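# Examining the three-dimensional arrangement
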Amino acid sequence: MKIKTNVNFGNIRQTYLFSEIGSRVRAYENANPDAKIIRMGIGDVTLPLPKTVTDAMIKACEEMGVRETFRGYPPEYGYAFLREAIAVHYRSLGVEVDTDTIFVSDGAKSDLGNIVDILGNNPVIIPDPVYPVYVDSNTMSGNSITYINGTKENGFLPLPSELTEQIEGSVIYLCSPNNPTGASYDKDSLKAWVDYALKTGSLIIYDSAYEAFISRDSIPHTIFEIEGADICAIEICSFSKFAGFTGVRCGWTLIPSSLMAGDVSIMALWKRRQATKFNGVSYPVQRAAAAALSKEGISACESNIAYYKENARLITELLDEKGIFYTGGKNSPYVWMECPEGCGSWEFFDRLLNEVQIVGTPGEGFGKGGDRYFRLTAFGSLENTKEAVRRLKEFL
Ligand SMILES: *Cc1c(COP(=O)(O)O)cnc(C)c1O
């Protein structure tokens, strides 16, 4: 063909992370068919959906099969019953939001990737290590990225004061509690970012996908707990980790109507973008999401999260005992540990696989700053996590 393609795709860092992990594990399994491998690299929930949620989904499917209750295209920004349930959720976090500012989506990843559509080629600030979508979607758009490094010294919570120069009019991505490090900004440090954004006329894109794992009062559940965020921040959240919706697909983006770039309303641009390129989330899924936010739903989701957090506690308890530096595990399903003895992250991966048959995720898959770190997740079963901790106790 004679067409031009998007040459920026050639600049995306090729991460063979999960395929490389898969092939190393398969090779080990072939050589050791009886080995009992424990997978602690899972970045996906494993507990089934709460019954309240599946009941709501079934009922909604049945409505779709009856002429009187059948529904066609959903409203493009989400059904009112779900937008209202999300607004009530914010109220429970102490934040009043207008339901018109909530845009229901098929998940946070889509919105995180799509948001570049409404933004120009601004300078972009992204922490390293981090969830790869921010970097890759901006690279696809040809934007130049300034990395701000998470380190042992800053507890993997970089602050704007660490930027070597003040960048005006930038787009800043923050993820808290973080994937992969599990580190979470407290109110003061998040306020430092909001103040920086206000001072430099920048926009913060705040990924709060792990909000439901927060247990400490000092950690904000939403950036809108911080004064001034309503004129400099977008929040993107998901039912995936809160309610186990990774396979169901539902999330939302909150764009305050007060968010203005000059005289242009960011919310108006997003409305136009969504109405043009997106046709909404299916009715049964939105009913399921609303059920997850019901009183019964929240309590079932919380008990699943408590299950994962107990796994995380077992892992961090061992690392504390061994005196190994880590972040996460407290307000997050992820434990981000320093590889012992200055070991590289792939080297540590191989040692864990070969010596104790545990699979985790090498930190360098999330950015340069992860090259001596390793991510263990709490999404496995309690039984497997206990067994893994037993093996690690001997090994570390
Ligand atoms: C899992 C995850 C999401 C959620 O993505 P969905 O598309 O809603 O499943 C968003 N951000 C981060 C950092 C995640 O780890």
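Data block above holds the structure.
Here's what I pulled together on the structure shown here. (Residues numbered from 1 in each chain as written. Predicted model: local features only at pLDDT ≥ 70, side-chain atom pairs only at ≥ 80, totals over all residues. Heavy atoms only, no water.)

## Description of the site of the ligand
Let me state the cut-off plainly: To be near a molecule or strand, a residue needs just one of its heavy atoms within 4 Å of it. Any N or O atom pair separated by 3.5 Å or less is treated as a polar contact, with the protein-specific requirement of one donor-capable and one acceptor-capable atom, and with residues adjacent in sequence counted only for side-chain atom pairs. For every accessible area listed, the method is Shrake-Rupley and the probe measures 1.4 Å; residues are considered covered only by the protein chains on display.
Looking at the ligand, there are 14 residues lining it, with Tyr210, Ser238, Ser240, Lys241 and Arg249 nearest. Contacts to the ligand include Tyr210, whose side-chain N or O atom sits 2.5 Å from an oxygen atom. Lys241 has a polar side-chain atom sitting 3.3 Å from an oxygen atom of the ligand. Contact with the protein chains removes 94% of the 390 Å² of surface that the ligand exposes when unbound.

## Things to note about the side chain of Asp111
Here is the rule: To qualify as a helix, a DSSP run of H or I must reach at least 4 residues; to qualify as a strand, a run of E must reach at least 2; elements of each kind are numbered from the N terminus. Accessibility here uses a 1.4 Å probe with only protein chains present; expressed as a share of the type maximum, an area under 20% marks a residue as buried, one over 50% as exposed, and anything in between as partly exposed. Under the counting rule used here, the positive set is Lys and Arg, the negative set is Asp and Glu, and His together with the chain ends is not counted. Whenever a carboxyl oxygen of Asp or Glu lies within 4 Å of a side-chain nitrogen of Lys or Arg, that contact is scored as a salt bridge. The contact definition used throughout considers only heavy atoms, calling two residues in contact when any of these lie within 4.5 Å.
Note that Asp111 resides in helix 4 (residues 108-114). Arg273 provides the closest opposite charge to the buried, unpaired Asp111, separated from it by 6.2 Å. Non-local contacts of Asp111, meaning those with residues more than four positions away in its chain, are made with Phe103, Ser105, Ile236, Trp252, Thr253, Trp270 and Gln274.

## A look at helix 1 (residues 17-31)
Quick note on the threshold: Helix span, as expected, comes to 1.5 Å for every residue beyond the first. The directions from the helix axis to the C-beta atoms are what the arc is built from.
In a regular helix each residue adds 1.5 Å, so 15 residues correspond to 21 Å; helix 1 covers 21 Å between its end C-alpha atoms and thus fits that length. Leu17, Ile21, Val25 and Tyr28 are the residues of helix 1 that are buried. All buried residues of helix 1 fall inside an arc of 60° around its axis, so they share one side. For helix 1, the exposed residues lying more than 90 degrees away from the buried face are Asn30 and Ala31. Contacts from the buried residues of helix 1 go to strand 1 (38-39), helix 11 (345-356), strand 13 (358-359) and strand 14 (361-362).

## Overview of the packing of aromatic side chains
Let me state the cut-off plainly: Note on aromatic contacts: the rings of Phe and Tyr and the six-membered ring of Trp form a pair at centre separations within 6.5 Å, being stacked when their planes are under 30 degrees apart, edge-to-face when over 60 apart, and tilted otherwise. By definition, being over a ring means that NZ of Lys or CZ of Arg is both within 6 Å of the ring centre and within 35 degrees of the ring normal.
The final tally for this structure, using the stated rule, is 25 aromatic pairs. Aromatic pair Tyr77 and Phe103: ring centres 5.3 Å apart, planes at 80°, arrangement edge-to-face. With Tyr77 in the loop between helix 2 (51-64) and helix 3 (80-92) and Phe103 in strand 2 (residues 102-105), the pair connects residues that are 26 residues apart, well separated along the chain. A centroid spacing of 4.9 Å and a plane angle of 85° characterise the contact between Tyr308 and Phe379, whose relative ring orientation is edge-to-face. Of this pair, Tyr308 sits in helix 10 (residues 295-322) while Phe379 is found in the loop between strand 15 (373-377) and helix 12 (382-395), placing the two residues 71 residues apart along the sequence. Put simply, the rings of Tyr210, Phe213, Tyr307, Tyr308, Tyr334 and Phe379 touch in pairs and so form one group of aromatic residues. Between Arg83 and the ring centre of Phe103, over which it is positioned, the NZ or CZ distance is 5.6 Å. Note that Arg287 overlies the ring of Phe81, its terminal NZ or CZ placed 3.7 Å from the centroid.

## Things to note about the pattern of salt bridges
Here the structure, examined in full by the defined rule, presents 18 salt bridges. In this structure, the salt-bridge partner of Glu63 is Lys59, at a minimum N-O distance of 3.4 Å. Within this pair, Glu63 and its partner Lys59 are both found in helix 2, separated by four residues, close to a single helical turn. Note that Arg313 and Glu317 form a salt bridge whose closest N and O atoms lie 3.1 Å from each other. Linking Arg313 with Glu317, this pair stays in helix 10, spanning four residues, or about one helical turn. We classify Glu317 as partly exposed; its relative accessible area is 42%. Through salt bridges that share partners, Glu20, Arg24 and Asp350 make up one connected network.

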